[in-house]
Amino acid sequence: MRKKGLLLIATMLLSMTAHAQLDLVTVEITDGISDTTLKETIESNATILISEFNRTIMEGGKPKLPKSICSKETTEDILKMWKSSPMSCPVSSIKEKLLSSPGGYQIRNIPITLMNAPDDKADQDLVINFTNTGEIDNVMIAIDENRYLDVISANISVNDLSRRQIIVDFVENFRTAYNRKDINFLNSVFSDNALIITGKVIKVKKNSDMAGSLMSQEKVIYQKQSKAQYLENLKRCFKRNKYIDITFDSLEVLRHPRYDDIYGVNLKQYWNSSTYSDIGYVFLLIDFKDDAQPCIQVRTWQPEKYNGKQINRNEIFTLSSFNIKR
Amino acid sequence: MKRIATLAIISITLIITANAQSKIQAEIIEALGLPASEYREETLNAPSIKKEITVEYDKNGELLHIGVNIFGKRMKQQYATPICNFIERLLLELCIKEKETQAASHLNAKRIEILYNGIPYGKSGFRNINSMLGQMTDITTFTSSHNGKMYHAHMEYGANSIDFSFPASRELIQGTDKKEADEAIARLLRGNLEPRKYTKSYEAQKKSGALYISYSKHFMLDSINNQIFLEKKNSSYTPVYNKKYTMESIKNTFTGACPTNLKLNVSHKVFNKNLKYTIPLEKIFSAFEKDYECFTAVSETGKGQIEVMTIFLNNDCNYIHMLITKISKENFWKHGITAEAILHSNIPQHNIKDLLKK
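Residues numbered from 1 in each chain as written. Chains lettered and ligands numbered in written order. Predicted model: local features only at pLDDT ≥ 70, side-chain atom pairs only at ≥ 80, totals over all residues. Heavy atoms only, no water.

(A) Structural view of the overall build of chain A. Helix and strand counts for chain A stand at eight helices and 15 strands. Looking at chain A as a whole, 48% of its 326 residues qualify as buried. Long-range pairs, those at least 24 residues apart, make up 55% of the contacts in chain A with a sequence separation of at least 6. For chain A, the exposed area adds up to about 17,700 Å²; of that, 52% sits on carbon and sulfur atoms. (Helix = DSSP H or I, 4+ residues; strand = E, 2+ residues; numbered from the N terminus. Buried < 20%, exposed > 50% of the residue type's maximum accessible area, 1.4 Å probe, protein only. Contact = heavy atoms within 4.5 Å. Areas by Shrake-Rupley, 256 points an atom, 1.4 Å probe, with all protein chains shown as cover.)

Shown next as structure tokens:
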């Protein structure tokens, strides 16, 4: 009987310990501070905070934060946040470096699960700010901090993306001009000094000593045209074809590393017309010096295949194929 | 109500507003031998086509759609109307092109595949679309989805099934090229539109300072999103709109969460033209409320000047309109102010491989 009682107590103790262990999250600072006492204070306060979050999720109610770890105002802020965003930490051990921040210190990258968020938004990172004396000053969800800052002062990549979308719009207008046989539009978008290179597949006869017979291979030769020559050929093409129907696919837009207003566009072109069809790769070098009137400085075309194989990726013209001098 | 309309029966008069219909619709009408007139009927029969033809027009009498009658109004409301209309128009086009043995080359050029009971078009068992349509009964199942690049649609009637695979391209689905589509948007924005009703309620995801932030999605970059800044009033959250939070108010306004009196001098970059008109910002949101998701990024460009990028994304046909607005923080709060804006419309997204390469 006594043994059974002891066993029961032991089991209860084990389950309580396990329960306690489930909500316990230890926070360890790996770098960023030399003051050992302050380091231990910050580690302890962060451990208490995160563990209390987990305990509250398991047992219900509101987080109970000791006065020693944060001020009354901070406690109120955390409780307000908890109302809309209760959270738990899915790991039992966190090791992060301590960062300096205005007014104190900061630990980032604390993984949390937002209990009320949709599945694809639930996993976030928590940021804890500390005062100079190691008290918790503020707690926020990292993605919101980044988004808030990004929203308030959108970084340069938004401007870059808008320019690239304008390029996609420009390229779509360019394609539409071919389909509408709008030679005037095409004349307006090509620079007068545009470099136009067209690849042509030719068959090369080759002697085979072994078989004593002739075998032919294909190779691509490149022909250069001026804007005037190209548009003249295009006019003839428009005249002899009842319809032109080209589509573009696999657009890639690259900005010149040195000149912000020079962009390279690589795309796959499907050319269909009443008399002819082909598939090839087109490269456009577009100059945005005049935002209102971008112009094409280079246009190249290469066949998709020759010798029965896809053209080698390294053969395809790109921005780095051209040396640009302003 | 069905009426028979043939070349011989000239009692029905039809007027089509030439500017509104697309080139594809005009070609179909010409191929069927229908005179240019005002359509009063919703369904009609053409002798060479084995399924009745559906015709739709808007309240101004402008032709919106012509195709074989497969889905019916209720089904189109339930599923994506643009896809249903595309399939109806495509099948009618193919019936016409079959007469000149051009249907297969048309499908090949457009990279469209059609399977009838698993048999590709042109193979034994599926050589004629017109005949297939002649035996088609009411659709019992229809599904469609796209992965950003390609659409797949599946329909069943009786024991039969038809599968479609086609590029998720606005031009292909809507049947209008860039010029036609841009001009349609310009007409829409300059026409009459119902004012919006602000009935949406918001849930706060997280607190940020004294405000709250809604759950949100982003477009390409995290900073281009439909996040709304909220303040708590009693037990609900409402979009913030006061001078204490100017940037947040601008963000909310340009994401369509707050009514505004702001007007825009829009420079609309349509195909080969730059149209200029002045419209209330509210009107842009009225025009795009139904079929588009809105995303915004707000940035300070210096000396109190703000630039706002607003993206209107049409998921069904995979394209965007992009509005770039410039305004000062001070002017945002003034009445009667007009801000400068540039609009690029109908920018395709389906054919992009990589837009953020460095």
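(B) Here's a closer look at the domain arrangement of chain A. Considered domain by domain, chain A is made up of domain 1 (25-142) and domain 2 (183-321). Computed from C-alpha coordinates alone, the two centres of domain 1 of chain A and domain 2 of chain A are separated by 58 Å. (Domains from an automatic or database assignment.)

(C) Structural detail: the domain arrangement of chain B. By domain assignment, chain B separates into domain 1 (5-15 + 179-196 + 244-356) and domain 2 (24-176). Here the C-alpha centroids of domain 1 of chain B and domain 2 of chain B sit 31 Å apart.

(D) Representation of the sheet that holds strand S11 (residues 211-214) of chain B in the model. With respect to topology, four strands assemble into an open sheet ordered S10-S11-S14-S15 (chain B), the strand pairing being antiparallel. On the outer flanks of this sheet lie strand S10 (204-208) and strand S15 (236-239) of chain B, each paired with one strand and no other. Geometrically, the sheet is characterised by an average inter-axis angle of 45° between neighbouring strands, direction not taken into account. Note: S10 of chain B against S11 of chain B, four bridges, orientation antiparallel. Residue pairing in the sheet places Lys207 of chain B in a bridge with Tyr212 of chain B of S11 of chain B. Across the sheet, helix H3 (residues 72-84) of chain A touches S10, S11 and S15 of chain B, and the angle it forms with S10 of chain B is around 165°. (Pairing = 2+ DSSP bridges. Axes fitted to C-alpha atoms, helices over the stretch in contact; angles between N-to-C directions.)

(E) Representation of the pattern of salt bridges in the model. Residues and elements named next belong to chain B. Taken as a whole and judged by the stated rule, the model has 29 salt bridges over all chains. Across the pair Glu88 and Lys76 runs a salt bridge, and its minimum N-O distance is 2.7 Å. One end of the pair, Glu88, is in helix H3 (residues 81-98); the other, Lys76, is in helix H2 (residues 72-78), with 12 residues separating them in the sequence. A single burial state applies to Glu88 and to Lys76, both of which are buried. With a closest N to O distance of 3.2 Å, Glu330 and Lys334 form a salt bridge. Glu330 gets classed as exposed once you look at its relative accessible area, which sits at 55%. (Salt bridge = Lys/Arg side-chain N within 4 Å of Asp/Glu carboxyl O.)

(F) Region of interest: the confidence of the model for chain A. Residue and element names in this part refer to chain A. Predicted confidence across chain A gives a mean pLDDT of 83, with 83% of residues reaching 70 or more. pLDDT under 50 marks residues 10-20. Its contacts with residues more than four places away, or in other chains, come to two contacts. Low pLDDT, under 50, characterises residues 143-156; the stretch is placed with 38 contacts to residues that sit more than four places away or in other chains. (pLDDT = per-residue confidence, 0-100.)

(G) Broad picture of the side chain of His106 of chain B. Residue and element names in this part refer to chain B. Relative to the elements of secondary structure, His106 occurs in helix H4 (residues 103-110). The class for His106 is buried, based on a relative accessible area of 14%. Apart from the residues lying within four places of it in its own chain, the contact partners of His106 are Leu90, Glu93, Leu94 and Lys97.

(H) Seen up close, the interface of chain B and chain A. Counting residues at the interface gives 59 residues for chain B and 56 residues for chain A. Buried surface at the junction of chain B and chain A, both sides included, amounts to about 5,000 Å², of which 53% is carbon and sulfur. Summed over the shared surface of chain B and chain A, the number is six salt bridges. The partner of Asp249 of chain A in a salt bridge is Arg111 of chain B, and the shortest N-O contact between them spans 3.4 Å. Looking at the side of chain B that touches chain A, the element that brings in the most residues is strand S22 (residues 352-357) of chain B, giving six residues. Along the lines of polarity and charge, the residues of the side of chain B that touches chain A split into 24 nonpolar, 14 polar and 21 charged. Relative to S22 of chain B, strand S10 (residues 244-255) of chain A runs parallel, the two sharing three bridges. (Buried area = accessible area lost by both parts, 1.4 Å probe. Nonpolar A, V, L, I, M, F, W, Y, C, P; charged D, E, K, R; others polar.)

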